[in-house]
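Observations on the three-dimensional arrangement
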Amino acid sequence: DWTMGAYREDAIAKIKQQVGDKRVICGLSGGVDSSVAAVLIHEAIGDQLTCVFVDHGLLRENEAAEVVKMFTENYKIPLIHADESELFLGKLNGVSDPETKRKIIGGLFIDVFQKYANGIEGAEFLAQGTLYPDVIESVSFSGGPSVTIKSHHNVGGLPEKMGLKLVEPLRELFKDEVRALGRELGLPASFIGRHPFPGPGLAIRCPGEITIEKLEILKKADAVFIDQIRKHGLYDDIWQAFVAILPVRTVGVMGDARTYDFACALRAVTSVDGMTADYYPFTHDFLGETATRIINEVQGINRVTYDITSKPPGTIEWE
Ligand code: XMP
């Protein structure tokens, strides 16, 4: 794609000019946007870039390991892997209000990021994978379709507070263009095609109070659902798919015994930009097979529902 080839050259030149010989830190979420930003900046300034990946314990099964592997093996980009799950889950204990969850996560994210950034001598710039839709929607939108620091809310003050200047090389791009740029930069296809994942992660897919027990059940059910979608070749037709564990237990029967376990909801939507969305029209066979697998393979869930709400009036996430 010659357009993206030109964009890449131009962006690299601009980054070099902006940054000079100073150091840049980049918050990595494992999402496409921050990953593409990191790789692009690394190409421009090499080891002047340090990435910080904050693991809040609210990622999907195996996700942290995959992100670290992809960055350390494929790119040799200096990466700090900050496992702060105990901190985040501790502060979220007993919290059930969605916006309070977001505020706690956003606040902790800033604290943690700052802690690690302070240790990087001479850092003058903060890199973010801000996209054009983030720029235009940043006020009215509950979330933001991507997962860099900016979408954890109230982060406008972060760079100023830290005395950092922003590097945002994706500011003019839409999601599909970021993916094209990622391909141009040689990121693995599996990475580029990944569904968007919200900054607060599984916290907003666990309506009500978050417990370790619920998170573990949710991770397993989610992994089965995504596995089903991949096995049926549907992953690339879907914008986002996930499981939400519901704050309700329901009665079921397994063999001769009565069960009293959690209900969950499957969510899968098509969308162009996350602003509007339609539920994905799975076949009943697919849904039935998925429900059977989740109930058989995931202890703690005995009822599976499919969310057929479009956006609007629904949102994509459950919180
Ligand atoms: P909703 O649920 O508002 O989500 O329809 C639209 C898109 O935004 C993502 N989302 C978030 N991303 N922080 C984020 O980084 C958030 O607080 C947040 N809330 C929602 C959601 O996954 C979807 O892609």
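Residues numbered from 1 in each chain as written. Predicted model: local features only at pLDDT ≥ 70, side-chain atom pairs only at ≥ 80, totals over all residues.

1. Re the overall build of the protein
Threshold: Every helix listed is a DSSP run of H or I at least four residues long, and every strand listed is a run of E at least two residues long, numbered separately from the N terminus. Just to be clear, the radius of gyration here is over C-alpha atoms, and the globule rule we use is 2.2 Å times residues to the power 0.38. Residue pairs are scored as contacts if the distance between their C-beta atoms, which are placed from the backbone, is within 7 Å.
Within the protein, the secondary structure is distributed over 11 helices and 9 strands. Taken against the 2.2 N^0.38 rule, which gives 20 Å for 319 residues, the C-alpha radius of gyration of the protein at 20 Å falls within 12% of a compact globule. Seen through its principal axes, the protein has C-alpha atoms that stretch 70 × 40 × 40 Å. For the protein, the proportion of contacts with a sequence separation of at least 24, taken over those separated by at least 6, is 74%.

2. Brief notes about the UniProt feature "binding site: ATP" (unreviewed entry) in the protein
The line we're drawing: UniProt positions are given in the numbering used here, feature names are shortened, and annotations may be inferred rather than shown by experiment.
The positions that UniProt labels "binding site: ATP" (unreviewed entry) are, in the present scheme, Ser29, Gly30, Gly31, Val32, Asp33, Ser34 and Ser35. In this fold, Gly31 is placed in the loop between β1 (23-28) and α2 (32-45). Residue position: Val32 is located in helix α2. Not counting residues within four places of it along the chain, the set of residues in contact with Val32 comprises Val178, Arg179, Gly182, Ile192 and Arg194.

3. What about the sheet that holds strand β4 (residues 123-127)?
Heads up, the rule is: One requirement defines pairing of two strands: DSSP has to find at least two bridges between them. To define axes, lines are fitted to C-alpha atoms, for helices over the stretch in contact only, and angles between the resulting N-to-C directions are given on a 0 to 180 degree scale.
With respect to topology, 5 strands assemble into an open sheet ordered β3-β2-β1-β4-β5, the strand pairing being parallel. Here the strands that pair on one side only, and so sit at the sheet edges, are β3 (79-83) and β5 (165-167). Each adjacent strand pair in this sheet contributes to an overall mean axis angle of 30°, direction not counted.

4. Brief notes about the nonpolar core
The condition that has to hold: One nonpolar core equals one set of buried Ala, Val, Leu, Ile, Met, Phe, Trp, Tyr and Cys residues connected by C-beta atoms within 7 Å. Buried means a residue has 20 or more other C-beta atoms within 10 Å of its own C-beta, exposed means 12 or fewer, and partly exposed covers the counts in between; C-beta atoms are placed from the backbone. What counts as a domain boundary in this text is fixed by an automatic or database domain assignment.
One finds Val24, Cys26, Ile41, Cys51 and Ala221 to be the most contacted residues of the largest nonpolar core, which totals 75 residues. Counting residues per element, this core draws most heavily on α2, which supplies 9 residues. Per-domain counts for this core show at least three residues from each of domain 1 (2-192) and domain 2 (206-306). Apart from residues no more than four positions distant in its own chain, Ile41 is found in contact with Ile15, Val24, Cys26, Leu49, Ala127, Val167 and Pro169.

5. Some thoughts on the environment of Tyr132
Assignment of secondary structure puts Tyr132 in helix α6 (residues 132-137). By the C-beta count within 10 Å, which is 16 here, Tyr132 ends up partly exposed. Measuring from C-alpha to C-alpha, the distance between Tyr132 and Gly107 comes to 24 Å, with 25 residues separating the pair along the chain. Look past the residues within four positions of Tyr132 in its chain and what remains in contact with it is Arg171, Glu172, Leu173 and Phe174.

6. With respect to the pairing of β4
Pairing of β1 with β4 involves 4 bridges; the strand directions are parallel. Bridge pairing in β4 links Cys26 to Ala127. Bridge count between β4 and β5: 3 bridges; the pairing is parallel. What sits directly across from Leu126, in β5, is Leu166.

7. Regarding the packing of helix α4 (residues 85-92) against helix α5 (residues 98-118)
When two helices pack together, their arrangement is given by the angle between the helix axes and by the axis-to-axis distance. Test applied: For classification purposes, an angle smaller than 35 degrees is called roughly parallel, one larger than 145 roughly antiparallel, one from 65 to 115 roughly perpendicular, and anything else oblique. It is the rotation of the near helix from the far one that decides the hand of a crossing: anticlockwise by less than a right angle makes it left-handed, clockwise makes it right-handed. Following the grouping adopted for this structure description, the nonpolar residues are Ala, Val, Leu, Ile, Met, Phe, Trp, Tyr, Cys and Pro, the charged ones are Asp, Glu, Lys and Arg, and the polar ones are all others, Gly among them.
Remark: α4 packs on α5, axes separated minimally by 10 Å, with the N-to-C direction vectors making an angle of 150°. Taken together, α4 and α5 sit at an angle that is classed as roughly antiparallel. Classified by chirality, the crossing of α5 by α4 is right-handed. Residue-level inspection shows Leu87, Phe88, Lys91 and Leu92 of α4 in contact with α5, the latter providing Lys101, Ile104, Ile105 and Leu108. Of the residues in the contact of α4 with α5, the class split is 6 nonpolar, no polar and 2 charged.

8. So, the confidence of the model for the protein
Test applied: Residue-level confidence of the predictor is what pLDDT reports, using numbers from 0 through 100.
Put simply, the protein has an average pLDDT of 90, and 92% of its residues get 70 or more. In this model, residues 139-156 is a region of pLDDT below 50 whose contacts with residues beyond four sequence positions or in other chains number 56 contacts. Here the complex is predicted with pTM 0.88, and the ipTM for its interfaces comes to 0.99.

9. A look at the domain arrangement of the protein
Parsing the protein into structural domains produces domain 1 (2-192) and domain 2 (206-306). For domain 1 versus domain 2, the distance between C-alpha centres works out to 28 Å. Contacts between the two partners involve 10 residues from domain 1 and, on the opposite side, 10 residues from domain 2.

10. Concerning helix α11 (residues 284-297)
Operational definition: To estimate the expected span of a helix, subtract one from its residue number and multiply by 1.5 Å. Comment: arc refers to directions from the helix axis out to C-beta atoms.
Counted at 1.5 Å a residue, the expected span for α11 with its 14 residues is 20 Å, and the 20 Å between its end C-alpha atoms agrees. If you check which residues of α11 are buried, you get Thr290, Ile294 and Ile295. Summarising the axial view, the buried residues of α11 lie within an arc of 125°, below the 170-degree limit, and thus occupy one face. When the buried face of α11 is taken as reference, the exposed residues oriented beyond 90 degrees from it are Asp285, Gly288, Thr292 and Asn296. The elements touched by buried residues of α11 are α10 (212-231), β7 (257-270) and β9 (301-306).

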